[in-house]
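Here are the chains, one letter per residue:
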Amino acid sequence: MKKYFKILIIIIVFILCFIFLNKLVSPKYQTNLIEGHMIKEYYKEEKNHEVIFIGDCEVYANFSPLIMYKNYGITSYVRGTSQQLIWQSYGILKETLKYEIPKVVVLNVNALRYNEPVSEAYNHLTLDKMKWSQEKIEMINNSMLEEESIFDYIFPIVRYHSRFSSLTSEDFKNLFTDNNVTYNGYLMNKNIKPVTNLPTKKILGSYTFKDNVISYLDKIRQLCENNHIKLVLIKAPSVYPYWYSEYNDQVIEYANTYNLDYYNLLEKAQEIGIDYNHDTYDGGLHLNLYGAEKLSTYFGDILKNNYNLTDYRLDNHISNIYNQKLSVYNKNKGDE
Amino acid sequence: MKKLIILLLIGILITGCSEVKKEENKVYSFTYNDKNFILGEEFSTSKYGKEVRYAEVPSCAGQGVDKTYTYDHYEITTTPDGDKDKIYTIYLTDDSVKTTEGIKIGDSLENLTKTYGNDYEKRDNAYTYTLDNTHLEFIVVGDTISSIEYYIDIE
């Protein structure tokens, strides 16, 4: 009996050490590659959002939910991740609906151009900190590149063992705790880098969205329909990578076929008031804080006027939460 | 016996030469005005000349900055590899330049396959030839080449 107890203790200690080492080598995404932390922050939120944004960096860099709350009382959250592919958007939406049913889902259509997984690094930024679920497993299986293995995701030590030699104080400090890097999924950036030169607009072998991509767009649409959610398609006003007119035409056709609203905000940049000499932090790929606030005010107005949303500024409980968030937001913005 | 040795030496020489040629053709490269652009090699304007236009394309999550150097007839894109920028793509922008094997924008599909053969991968309008980890892609619209691009797989 004593012998079995000893073995049991050894096994437990081994498992605990293994869990600890996996946790230790996992990137913490607190000061470096902070985009990897965004997916996790949603879980801590009170789930009361009437609008959920899904998509790639064109949502998390360009839409500020707190500005939409401040100006219109809209409660929203951006569930965007770096280079979020359409099957990942589907998985994230499915997961979101386990927690809450929003009135509106806003999907950025930029990712429709990608039919295949693009980058192992981006896969990890989207998936590492996502809670384990059927959706996560499906997303991993659909996203892995040839050289990847699911064990890279299950046991971080497999993927990140080389980090043992480059652990930083962050890895110990944030072993069991972490801080938010976003404001309801919006990643603030105050830098200014004007649009100057862009690469040549290349001729493509095909401009047609592939069947696999459209099948996931269909799944997102059906998921929204089944839950009585209004699906709204948008193209954020990022000037690069080029949004070809052929892409745009297909989205318009899709939206017309299924009676969806589609807003190409790139075409509305002037009306929104975006100044590409001032309102972008990286030469036009993403808007900075100033551009994001203009866009959020413009799009918030569209949401407010068309989708029967509640003004939560009149709700004591919600307004307390959002006012606290706004206070931190304004402080970091430099307004206070 | 003497003849046999001479034949043997010629044989070795021919085999050696073809091996060297094969070695040279392992990856695609583009030559213009005596400048040889090799995919995957380090890029510097001191070596390849001052560009007409320069653009930077940062990734959306700190995965590095791709840089494009546009010249009169072609555009080079580099991608970071450690502290170096390596040639990632070479895009020919008009019909005044040819590939190393002599194909230019505006040439026919027939001319393309006559020059490069039929060992290509076709995806929609793109015909892609592969040597090791480098690729030469032709976009063919109708029967005419409308775009030519060299690129390398990145890790």
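Let me sum up the structure you'll find in this document.

Parameters at a glance
Residues numbered from 1 in each chain as written. Chains lettered and ligands numbered in written order. Predicted model: local features only at pLDDT ≥ 70, side-chain atom pairs only at ≥ 80, totals over all residues. Heavy atoms only, no water. Pairing = 2+ DSSP bridges. Helix = DSSP H or I, 4+ residues; strand = E, 2+ residues; numbered from the N terminus. Axes fitted to C-alpha atoms, helices over the stretch in contact; angles between N-to-C directions. Core = buried A, V, L, I, M, F, W, Y, C linked by side-chain atoms within 4.5 Å. Buried < 20%, exposed > 50% of the residue type's maximum accessible area, 1.4 Å probe, protein only. Contact = heavy atoms within 4.5 Å. Parallel < 35°, antiparallel > 145°, perpendicular 65-115°, else oblique. Left-handed = near helix turned anticlockwise from the far one by under 90°. Nonpolar A, V, L, I, M, F, W, Y, C, P; charged D, E, K, R; others polar. Buried area = accessible area lost by both parts, 1.4 Å probe. Salt bridge = Lys/Arg side-chain N within 4 Å of Asp/Glu carboxyl O. Polar contact = N/O pair within 3.5 Å; in protein donor to acceptor, adjacent residues only side chain to side chain.

## Topic: the sheet that holds strand β7 (residues 121-123) of chain B
All names here are of chain B.
Then, in step 1: Spatially, eight strands are ordered β3-β4-β5-β6-β10-β9-β8-β7 in an open sheet, and the strand pairing comes out antiparallel. Lying at the two open borders of the sheet, with one neighbouring strand each, are β3 (53-58) and β7. The sheet shows a mean angle of 20 degrees between the axes of neighbouring strands, direction not considered.
Then, in step 2: Alignment of strand β8 (residues 126-131) against strand β9 (residues 134-141), held across six bridges, turns out to be antiparallel. Paired with Leu-131 across the strands is Thr-134, a residue of β9.

## What about the nonpolar core?
Then, in step 1: A:Phe53, A:Phe63, A:Leu233, A:Phe299 and A:Leu303 are the most contacted members of the largest nonpolar core, which totals 87 residues.
Then, in step 2: Among all residues touching A:Leu303, those that are not within four sequence positions of it are A:Val51, A:Phe53, A:Met68, A:Ile74, A:Val104, A:Val106 and A:Leu309.
Then, in step 3: Counting residues in hydrophobic clusters, the runner-up holds 28 residues, among them B:Phe37, B:Ile90, B:Leu92 and B:Ile103.

## What about the packing of helix α5 (residues 86-99) of chain A against helix α11 (residues 211-226) of chain A?
Residue and element names in this part refer to chain A.
Then, in step 1: The contact between α5 and α11 brings their axes to 9 Å, and the two run at 15 degrees. As judged from the angle between their axes, α5 and α11 are roughly parallel. Seen from above, α5 lies across α11 with left-handed handedness. Contacts between α5 and α11 involve Ile-86, Trp-87, Ser-89, Tyr-90, Leu-93, Lys-94 and Leu-97 from the first element and Asn-212, Val-213, Tyr-216, Leu-217, Lys-219, Ile-220, Leu-223 and Cys-224 from the second.
Then, in step 2: Classifying every residue of the contact of α5 with α11 by side-chain character gives 11 nonpolar, two polar and two charged.

## Some remarks on the interface of chain B and chain A
Then, in step 1: On the chain A side, the residues contacting the 26 residues of chain B number 26 residues.
Then, in step 2: Taken together, the two surfaces of chain B and chain A that pack against each other cover about 1900 Å², and 54% of this comes from carbon and sulfur.
Then, in step 3: Along the contact surface separating chain B from chain A lie four salt bridges.
Then, in step 4: As a salt-bridge pair, A:Lys210 and B:Asp124 come within 2.6 Å of each other at their nearest N and O atoms.
Then, in step 5: For the interface between chain B and chain A, the tally reads nine residue pairs in polar contact (both at pLDDT 80 or more).
Then, in step 6: Breaking the side of chain B that touches chain A down by element, the ones donating at least two residues are β3, β4 (65-70), β5 (74-81), β6 (84-92) and β10 (144-152) of chain B.
Then, in step 7: Counting residues per element, the side of chain B that touches chain A draws most heavily on β3(B), at six residues.
Then, in step 8: When grouped by side-chain class, the residues that make up the side of chain B that touches chain A number nine nonpolar, 11 polar and six charged.

## Describing the pattern of salt bridges
Then, in step 1: What the rule picks out here adds up to 28 salt bridges over all chains.
Then, in step 2: Close ionic contact of A:Lys193 with B:Glu56 constitutes a salt bridge, the shortest N to O distance being 3.0 Å. One end of the pair, A:Lys193, is in the loop between α10 (169-173) and α11; the other, B:Glu56, is in strand β3, on a second chain.
Then, in step 3: Overall, A:Lys193 belongs to the partly exposed group, its relative accessible area being 33%.
Then, in step 4: Judged by relative accessible area, which is 32%, B:Glu56 ranks as partly exposed.

These figures come from the coordinates and say nothing about function on their own.
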